[in-house]
Each structure stands twice: as C-alpha cells, then as structure tokens.
Amino acid sequence: MKILCAGPTYIDESVMEKMGQSKTNPDLDPNYEKFHRSVERKISKLVNTDARSFIMLGEAILGLEASICSLMEKGEKVLVIYNGFFGEGFASYVEGYGGTAYRYEDDFQRGINLEKLENFLKNHNDFSIATMVHCETPTGITNDIKSICSLLKKYDILTVVDAVSSVGGEFINFDDFNIDVLIAGSQKCISAPVGLTLITISEAAKAKIKNRKSKIPSYYLNFENSYDFKGAPFPYTFNENLVYALDRALDLVLQRDFVKIHRDYALETREIFTKCGFELFAKDSLSNTLTAVKTPENIKSSDILKGLIKRDIIISKGVAQNAESIFRIGHMGNNISLQNFKELYIALDEVFKELNVKTKASLYETFLKSDIVKKD
Ligand SMILES: *Cc1c(COP(=O)(O)O)cnc(C)c1O
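Note that this is a predicted model, so its numbers are computed, not measured. (Residues numbered from 1 in each chain as written. Predicted model: local features only at pLDDT ≥ 70, side-chain atom pairs only at ≥ 80, totals over all residues. Heavy atoms only, no water.)

**As for the pairing of strand β2 (residues 52-57)**
In terms of burial, β2 is a largely internal element, five of the six residues being buried. The sheet contact formed by β2 and strand β10 (residues 196-201) spans six bridges and is antiparallel. Looking at the pairing, methionine 56 lines up with threonine 197 of β10. (Buried < 20%, exposed > 50% of the residue type's maximum accessible area, 1.4 Å probe, protein only. Helix = DSSP H or I, 4+ residues; strand = E, 2+ residues; numbered from the N terminus. Pairing = 2+ DSSP bridges.)

**Re the UniProt feature "binding site: substrate" (unreviewed entry) in the protein chain**
UniProt records the feature "binding site: substrate" (unreviewed entry) for Arg328 in the present numbering. Positionally, arginine 328 belongs in strand β14 (residues 326-330). By relative accessible area, arginine 328 is classed as buried at 9%. Setting aside residues up to four positions removed in sequence, arginine 328 forms contacts with Leu4, Ala6, Thr137, Pro138, Leu290, Thr291, Ala292, Ile315, Ser316, Lys317, Gly318 and Val319. (UniProt positions renumbered as here; feature names shortened; annotations may be inferred. Contact = heavy atoms within 4.5 Å.)

**With respect to the UniProt feature "domain: Aminotransferase class V" (unreviewed entry) in the protein chain**
UniProt's feature table lists "domain: Aminotransferase class V" (unreviewed entry) at residues 104-319, given in the numbering used throughout. Counting secondary structure, residues 104-319 comes out at 35% helix and 17% strand; the distance between its end C-alpha atoms is 20 Å.

**Concerning the site of the ligand**
All residues adjacent to the ligand are Glu59, Ile61, Phe86, Cys135, Thr137, Asp162, Val164, Ser165, Gln187 and Lys188. Within the side chain of glutamine 187, a nitrogen or oxygen atom sits 3.1 Å from an oxygen atom of the ligand. For the ligand, the accessible surface in isolation is 370 Å², of which the surrounding protein chains cover 80%. Across the shell around the ligand, the residue classes tally to four nonpolar, three polar and three charged. (Near = heavy atom within 4 Å. Polar contact = N/O pair within 3.5 Å; in protein donor to acceptor, adjacent residues only side chain to side chain. Areas by Shrake-Rupley, 256 points an atom, 1.4 Å probe, with all protein chains shown as cover. Nonpolar A, V, L, I, M, F, W, Y, C, P; charged D, E, K, R; others polar.)

**Concerning the sheet that holds β2**
With respect to topology, seven strands assemble into an open sheet ordered β2-β10-β9-β8-β5-β3-β4, the strand pairing being mixed. Every other strand in the sheet has two partners, leaving β2 and β4 (100-105) as the edge strands with one partner each. Each neighbouring strand pair of the sheet contributes to a mean axis angle of 20°, computed without reference to strand direction. Where helix α6 (residues 145-153) meets the sheet, it contacts β3 (77-82), β5 (129-133) and β8 (158-162), and its direction lies at approximately 175° from that of β5. (Axes fitted to C-alpha atoms, helices over the stretch in contact; angles between N-to-C directions.)

**Here we look at the environment of arginine 212**
Summarising the element assignment, arginine 212 is placed in the loop between α7 (203-210) and α8 (223-227). Taking the relative accessible area as the measure of exposure, arginine 212 reaches 12% and is therefore buried. On a C-alpha basis, the gap between arginine 212 and threonine 200 in space is 20 Å, while along the polypeptide they are 12 residues apart. Sequence-distant contacts of arginine 212, that is, excluding residues within four places in its chain, are made with Cys69, Ser70, Leu71, Met72, Glu73 and Pro217. For arginine 212, the side chain forms a polar contact with the main-chain oxygen of serine 70, separated by 2.9 Å.

**Examining the environment of isoleucine 314**
Position of isoleucine 314 among the secondary structure elements: in strand β12 (residues 313-314). Here isoleucine 314 falls in the partly exposed class, since its relative accessible area comes to 27%. Apart from residues lying up to four places away in sequence, isoleucine 314 is in contact with Met1, Lys2, Ile3, Leu4, Cys5 and Ile309.

**Some thoughts on the sheet that holds β14**
Spatial ordering of the open sheet is given by β11-β14-β13, a layout of three strands whose pairing is antiparallel. Of all the strands in the sheet, the pair left with one neighbour each is β11 (290-294) and β13 (316-317). Across two bridges, β13 lies against β14 in antiparallel orientation. Counterpart to serine 316 in the pairing with β14 is arginine 328.

**Structural notes on the domain arrangement of the protein chain**
On domain assignment, one finds that the protein chain holds domain 1 (13-254) and domain 2 (258-375). For domain 1 versus domain 2, the separation of C-alpha centres amounts to 29 Å. Contact residues are listed per partner, giving 23 residues for domain 1 and 24 residues for domain 2. Between domain 1 and domain 2, the buried area comes to about 2000 Å², and carbon and sulfur atoms account for 58% of it. Across the domain 1-domain 2 interface, the total number found is one salt bridge. One salt bridge connects aspartate 284 with arginine 110, and the closest N-O pair in it is separated by 3.4 Å. There are 11 residue pairs in polar contact (both at pLDDT 80 or more) connecting domain 1 and domain 2. (Domains from an automatic or database assignment. Buried area = accessible area lost by both parts, 1.4 Å probe. Salt bridge = Lys/Arg side-chain N within 4 Å of Asp/Glu carboxyl O.)

**Some thoughts on the pairing of β5**
Of all five residues that make up β5, five are buried, and the element is covered over most of its length. Residues Ile129, Thr131 and Val133 of β5 are buried on one face, and the alternating residues Ala130 and Met132, pointing to the opposite face, are buried as well. Note that β3 and β5 share three bridges and pair parallel. Paired with valine 80 across the two strands is threonine 131, which belongs to β5.

Laid out in structure tokens, this is it:
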C-alpha cells in the first residue's frame, strides 16, 4: 500500500527491522538507560535545543493531556488559542482537570492573526498557560508559533504547543521560539511506529511543576515522573522496541535536510492542484507537511479515497464538519518520494475521470513538468 495520508506515515524497512530486535531489560540494563537518554537528546537536536526532552509510552494525545495534567492546577485560567480541531481540543483537557478554558477562536482557514491576538492580550492576560497547535493537521495550516509564543512570553504566560505533525518537518528552534512545552508524536514526520509521545520542556515549565501547591492528579501522566523519576530509570516498563525504532527513524530524519524536502514537496503539491483547477482549503499559512484540497463540486472525499484504495493508495479525508468536503495529501516524513507521488497523480487522474470530474489539466502531466521531477 502506498501511504500518502496525513499520518501515520510510511515506516522505512530499516526502522521496522530495529523494532524487531528485543535485546535487553530496560529497567535492569544500565546500557539501555544510556541508549534511551541518547535518543532523548536526538529529539532535542531535532528542535535545536539543549533543553530536556523525554519520551512517554502512549500515542501523542497522551502528551497533550499530560501537559495540562502536569502543568495546570485546579482553578487556573488557561488561554486556549485555536483555529482548528486539535487546538480546540485542549479546552477539554483543561476543563477535565478542573481549570477554566478561555476559548480564543480564530479563522479556521487562516493562520492565527497576530495583531488581533496582541490587541486581545492587552486587556486579557491573567492566564498562567496558553495552548496552541503548530500545524493543524485537519486543515493544513501552520501557525507562526515563534511570534505567538514570544508575544505570550511578554505577559509571563507559559506556552504549550502541539507540534505533533510538524516536528521533523518544519524548522523549530525551541528556545528562540519561546516554547515551554513542545509535544510531538512518533508517527507523523518522524515516521516511526505509533505509540510514543515526545516532549521537550523548558526550565520555566519544570519550575511551575515543582512549585505546584497541589499534587499532579495522575501517576502515568505526571511529567516529573518522566524526567526526574526517583529510584529507577523509568516510571513504568518501557517498550524498548518502539524506542529502537524511534532511534533509527530519528537518524534518518537528522541525516536529511528535512525542512527543505518538506517545503519543496509542499510547494509543488499546492502548485499542481492549483494549476489543475482545484482550490486549497487554507487561505494563508499553508502547511509544509500536508495539503488540504477542497473536493470538486458534488463529489465526496470518500469517493476519491475509495477510488485510490482500489489502486493501493491511501490519502486522508477531512475531519469533523469538513470530513467530506476536503481531501488531504500528506507530504510528510517517509511518505515523500517521487515514486509515491508519481503513482498518486496517475491514480488521481483515473479516479477523477471515473467520477466525471473535469480537471483543467492532467495532474500527472503537471507533476512531470514540476521542478521536483525536473531536478531529479
Ligand atoms: C496526529 C495528531 C495528533 C495525535 O492524534 P491522533 O489522530 O490520535 O494520531 C495530535 N495533534 C496533531 C496536530 C496531530 O496531527
């Protein structure tokens, strides 16, 4: 199956091989701990920082929930900044752990507007924490987290960023961007198996946890247990196989100019669809890791997906209210290869023909004329 969806992404054979090598007992073997810490440092390297990174056993959603559970105390006010599905989701964690979520909603088809946020903050800034999403995967919008977090810092607000679909695909400088908690996942741009949350944390966020008046209401989700566990290397038995796989996947990412590769494919994907008469969902701040395209009139995205699956290709539909009105191409992590995209465009031409959709030009022909093909 050719995987071109917005995650989980295609996993390289060498990553799967590493995963199959069970070698030791993570709790009892001191060499395992050394290895594990080296993997954590590779995560920090990916986001250009010396700040501490750690791994939690669980899908990336675990990290989102754990960030609120660990940082926020009952009764605290959290600014939930959002222009999409995942961003809004933070409000449910805040409310679930007894906080007050201030929902700051912006246009779902554009990046968070900085000027508007700046004006809002002038009169409303008694928040201890603010949450946001770097890349809104359901709609293909990448927010300018550097400017947003730096603005929040002026008001001493801690910043929590869901970067699940951007770490390993977009440039991030953890310190320079003024991020306090950065949450990534293993299965998007890093192209490792699902099941690990990767967290990078600032000293300010650690201090907030340390100075809590109340205990963190969870053992498993307690960040401190992951970065400063007393008496044992890990708070629970680690799945070493997933970490072997992650280590290999991180090496593959760090070996390449991953920012440029994602940007090049993003530019071409947008251009090909636009030239062929399609409309992109996002009006600005377009993501470099996936592209959301509006489905042609009277066509459902599930019809397009059905036609592609018959041809052994998987892309994504939209999410929630956009489920049937957009389809999404993940030029993300190991999905990216000329061969994959070649087969995608050949198949899409066929599927649109079957669905009686007239495109302005053949997607495949347009792809053949694109820079990424010409340069190859
Ligand atoms: C993928 C993703 C997550 C994790 O969600 P799952 O759908 O459970 O994998 C969280 N946030 C963002 C922005 C994501 O893209």
